[in-house]
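What follows is each chain in one-letter form.
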Amino acid sequence: MQAALWKVDGKIIDLTRRALLMGVLNVTLDSFSDGGEFFATEAAVKHGLAMAQEGADIIDIGGESTRPGAAPVSPNDEMERVLPVIEQLVRASIPALISIDTSKATVARAALDVGAVIINDITGGGGDPAMLPLAAEKSAAVILMHMQGTPATMQTNPSYADVITEVADFFRQQFAQAVRCGVDPMCIALDPGIGFGKTVAHNLDLLANLSRLQVEDRPLVVGVSRKSFLGKIPTQPGDRISGTIALTSLLRARGAKVLRVHDVAQNFNALRTAEAVLAATR
């Protein structure tokens, strides 16, 4: 089994046999799945604490919706939403790492200053020229995600000559750019951006071919949780949670090392069960 290592908060995490669960905490009014539910600081902190107790290794906190067609949020508004939540979770000494889900370097810097240790950037470091130098300066772990277009435009007829090749090429390009900016290669993880400028067919093609997205031995982060494409394949109407749980197990077996989910407890059980089988495989 090939080793999978990720450097976070100055420590090397071995993901070879134990993948990480990243719990989604949207401090927004308009996220596609839970917009408004955790907008109030108290509710967001309570949910973050609950996810950590349920087994989340990372709490990914975002203050700007990235659903298709979402309107942008100012850096000040974003910081007002996420910083109090990060501060309170850090003060509570939760057994989980804090990630800031943002494409703005000013927001990322403020979040890192109050205790976040991972930058999760949906633009792959390309949306703000200050982002990758910031990650280097702060020795932060960084997740570089692929997205075609912007949240406002990404689902307007997305097209690729070969989605797997193009996403892998993007990973190589942004990995090299991050290293040029001084980011430690071990701090980098890569996310194919399921649902971000992709059709159902593109999503399924990427998920079926994760091994072809392995670049520079960097761990793959995959987020399929509750996404709309799950409702467009045979399933019970409105049920995206069971599809998410099924994919958590399957994608772990296919090489995903960080699974980004909303429903931590259910996916924790699926992930650890899958890993027990993988550990027993001869």
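Scroll up to find the structure.
Quick notes on the rules
- Residues numbered from 1 in each chain as written.
- Predicted model: local features only at pLDDT ≥ 70, side-chain atom pairs only at ≥ 80, totals over all residues.
- Heavy atoms only, no water.
- Helix = DSSP H or I, 4+ residues; strand = E, 2+ residues; numbered from the N terminus.
- Rg over C-alpha atoms; globule rule 2.2 N^0.38 Å.
- Buried < 20%, exposed > 50% of the residue type's maximum accessible area, 1.4 Å probe, protein only.
- Contact = heavy atoms within 4.5 Å.
- Areas by Shrake-Rupley, 256 points an atom, 1.4 Å probe, with all protein chains shown as cover.
- Lys, Arg positive; Asp, Glu negative; His and termini not counted.
- Charge placed at Lys NZ, Arg CZ, Asp CG, Glu CD.
- Phe/Tyr/Trp six-rings, centres within 6.5 Å; stacked < 30°, edge-to-face > 60°.
- Axes fitted to C-alpha atoms, helices over the stretch in contact; angles between N-to-C directions.
- Parallel < 35°, antiparallel > 145°, perpendicular 65-115°, else oblique.
- Left-handed = near helix turned anticlockwise from the far one by under 90°.
- Nonpolar A, V, L, I, M, F, W, Y, C, P; charged D, E, K, R; others polar.
- Salt bridge = Lys/Arg side-chain N within 4 Å of Asp/Glu carboxyl O.

Chemist: Is there a simple way to think about the overall build of the protein chain in this case?
Modeler: For the protein chain, the helix and strand inventory stands at eight helices and ten strands. Scaling as 2.2 N^0.38, a compact globule of 282 residues should have a C-alpha radius of gyration of about 19 Å, and the protein chain matches this with 17 Å. Principal-axis analysis of the C-alpha atoms gives the protein chain an extent of 45 × 40 × 40 Å. The buried share among the 282 residues of the protein chain stands at 54%. Taking the intrachain contacts of the protein chain between residues at least 6 apart in sequence as the baseline, contacts between residues at least 24 apart amount to 69%. A total accessible area of about 11,900 Å² is found for the protein chain, and carbon and sulfur atoms account for 53% of it. The centroid of the 26 positive side-chain charges in the protein chain is displaced by 5 Å from the centroid of its 30 negative side-chain charges.

Chemist: Explanation requested: the packing of aromatic side chains in the structure shown.
Modeler: To describe a pair of aromatic rings, one takes the distance between the centres and the angle between the planes. Throughout the structure, instances matching the rule amount to one aromatic pair. Where Phe170 meets Phe171, the ring centres are 6.5 Å apart and the plane angle is 55°; that geometry is what we call tilted. Under the relative-accessibility criterion, Phe170 is labelled buried at 17%. The exposure class of Phe171 is buried, given its relative accessible area of 0%.

Chemist: Help me understand the packing of helix α2 (residues 75-91) against helix α3 (residues 105-113) in this model?
Modeler: The axes of two packed helices give the description: the angle between them and the distance between them. At a minimum axis distance of 10 Å, the contact between α2 and α3 shows a crossing angle of 20°. The angle between α2 and α3 places the two elements in the roughly parallel class. Considering the relative orientation of α2 and α3, their crossing is right-handed. From α2, Pro75, Glu78, Met79, Val82, Leu83 and Ile86 reach across to α3, where they touch Thr106, Val107, Ala110 and Ala111. By residue class, the composition of the contact of α2 with α3 is eight nonpolar, one polar and one charged.

Chemist: I keep staring at the pattern of salt bridges and nothing clicks. Help me out?
Modeler: Think of it this way: side chains of opposite charge can pair up when their charged atoms draw near. Under the defined criterion, the tally for this structure stands at 13 salt bridges. Here Arg272 and Asp57 are joined by a salt bridge, their closest N and O atoms 3.6 Å apart. Of this pair, Arg272 sits in helix α8 (residues 264-280) while Asp57 sits in the loop between α1 (41-54) and β4 (58-62); the two residues are 215 residues apart in sequence, bridging distant segments of the chain. Both residues of the pair, Arg272 and Asp57, count as buried. Ionic pairing is found between Asp169 and Arg172, a salt bridge with its closest N-O pair at 3.0 Å. Taken together, the residues Asp169 and Arg172, both in helix α5 (residues 163-180) and three residues apart, mark about one turn of the helix. Residue classification places Asp169 among the partly exposed residues on the basis of a relative accessible area of 41%. With relative accessibility at 42%, the residue Arg172 sits in the partly exposed group.

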